[in-house]
Amino acid sequence: MPRFLHTADWQMGRSFSRFETEDGAALVEARYAAIERLAQLAVEQKCDAVLVAGDVFDAQGVSDRTIRRVFNATSVFKGPWVMLPGNHDAALVESVWTRARRLKAVPENIQLALEPGVILLQEQGIAVLSAPLTQRHTYSDLTEDFSERNSPAGLLRVGLAHGSVRGVLPDEVDATNPIAPDRAEQANLDYLALGDWHGAKQINERTWYSGTPEPERFRNNEAGYGLIVEISGPGAVPDIKPVDTARYRWHQWRETLSVPSDLDRLIERMEELPEVSVLDIRLDGAITLEGLQRLDHALSLAEARFRSVSCDRAGLQLEPTDEDIAALNADGYLGETIEELRQLQLGDHPEPARDALAILTSLLNSGQQEVSQ
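Please read these numbers as outputs of a predicted model, since none were measured by experiment.

Caption draft 1: Quick peek at helix H2 (residues 64-72). Taken residue by residue, H2 has Thr66, Ile67, Val70 and Phe71 as its buried positions. The arc that holds every buried residue of H2, seen down its axis, measures 125°, which confines them to one face. Exposed residues on H2 whose side chains face more than 90 degrees from its buried face are Arg65 and Asn72. In this structure, the buried side of H2 is in contact with helix H1 (21-44), strand S3 (81-83), helix H3 (96-102) and strand S4 (110-112).

Caption draft 2: View of the pairing of strand S11 (residues 201-204). Taken together, the three bridges between S11 and strand S12 (residues 207-209) define a ladder with antiparallel strand orientation. Bridging across to S12, Gln202 finds its partner in Trp208. Between S11 and the antiparallel strand that follows it, S12, lie two residues.

Caption draft 3: Structural context of helix H6 (residues 289-305). Here H6 spans 25 Å end to end across 17 residues, near enough to the 24 Å set by a 1.5 Å rise per residue. Every buried residue belonging to H6 is among Leu289, Gly291, Leu292, Leu295, Ala298, Leu299 and Ala302, and all of these are buried.

Caption draft 4: The side chain of Thr245, seen in detail. Relative to the assigned elements, Thr245 resides in the loop between strand S14 (239-244) and strand S15 (249-257). Relative accessible area serves as the criterion here: at 3%, Thr245 is assigned to the buried category. Discounting residues that sit within four places of it in the chain, Thr245 has contacts with Arg37, Leu38, Leu41, Pro213, Glu214, Gly224, Tyr225 and Gly226.

Caption draft 5: Layout of the side chain of Asp190. Among the structural elements, Asp190 can be located in the loop between helix H4 (183-186) and strand S10 (191-195). For the buried Asp190, which has no salt bridge, the nearest side chain bearing the opposite charge is Arg206, at an N-O separation of 4.2 Å. A polar contact is formed between the side chain of Asp190 and the backbone nitrogen of Gly235, at a distance of 2.6 Å. When residues no more than four places from it in sequence are discounted, the contact partners of Asp190 are Leu155, Leu156, Arg157, Arg206, Ile231, Gly233, Pro234, Gly235, Ala236 and Pro238.

Caption draft 6: Spatial organisation of the packing of H1 against H2. Between H1 and H2, the least distance of the axes is 9 Å, while the angle of their chain directions is 35°. Across from Glu29, Tyr32 and Ile35 in H1, the residues of H2 making contact are Thr66, Arg69 and Val70. In the contact of H1 with H2, the residues fall into three nonpolar, one polar and two charged.

The rules behind the values
Residues numbered from 1 in each chain as written. Predicted model: local features only at pLDDT ≥ 70, side-chain atom pairs only at ≥ 80, totals over all residues. Heavy atoms only, no water. Buried < 20%, exposed > 50% of the residue type's maximum accessible area, 1.4 Å probe, protein only. Helix = DSSP H or I, 4+ residues; strand = E, 2+ residues; numbered from the N terminus. Arc of directions from axis to C-beta. Contact = heavy atoms within 4.5 Å. Pairing = 2+ DSSP bridges. Expected span 1.5 Å × (residues − 1). Lys, Arg positive; Asp, Glu negative; His and termini not counted. Salt bridge = Lys/Arg side-chain N within 4 Å of Asp/Glu carboxyl O. Polar contact = N/O pair within 3.5 Å; in protein donor to acceptor, adjacent residues only side chain to side chain. Axes fitted to C-alpha atoms, helices over the stretch in contact; angles between N-to-C directions. Nonpolar A, V, L, I, M, F, W, Y, C, P; charged D, E, K, R; others polar.

Okay, here's the thing in structure tokens:
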């Protein structure tokens, strides 16, 4: 009963420049660790092969060190690997793949599907029909000739391709590198292993996207998995088991704060997240001075626990209550300044006024705490 691991979209060489240096470096290392986990998973699950459906590399110009590290990370699984070029690492005349071969970095058990054809894994009982991208974008279905490709009787017919299944994915990612949604049926495939969509996604009982094994963006699309595919024989329906491979989980929240309980729920959600989280928050609405202090404290704790935390408050208006102002003992000129900043928040450019108000009230509050000590 052949069993193989389907994975894709490793995007090795990707940088995370939007993050702090330490966090970006950790996210890069997590991608190498994901390959090691995939290799270990293939061993533990007694897989016959690993199929990688494109975008092993994020760009053609990745460093030699990146190339070597990628192939080194596969070393635990000694069985066959089949790697397909995708749109980020297309099989150009001169490519990251030809460079890998010149470096002699490709182990003997890894086959590079740089040309359309059929790769026979006789011992494993699998015939891999490959449709590599030889340029970044195409407008014809490279899997169209799968039905014309012969494979030995008794071997599973497994397609390996990278692109967008027509009419299934969102319109903005459904323009280039098209793949027919019924390709598995038309080409008599036992399974069609796809890459390009970065989340695990079933198209039909024989066609799946595996997604990237390590999330790398804020999109709720089931990223961070590898697929264990088991097929009892030609014609049998595949049994698909998604396995969690992610080190970090990415969360993006868009919240409107209107009443105190909104902030309570936001803080509770942060406290419930695991430490291996990358969190991006954008807030709008209004918050009191006391609420802002609670928010700052919660974010400070989260920054110490999570891999990365960012919070955009551009749409959040600071609205100190009368009790907030009274607690600051800001009378006279200071009281007038605070009131003026409160009014300026209602104008066309509220951000500077809000920030100034936050700074001023924070300084006043800090001064009071020092006096009380």
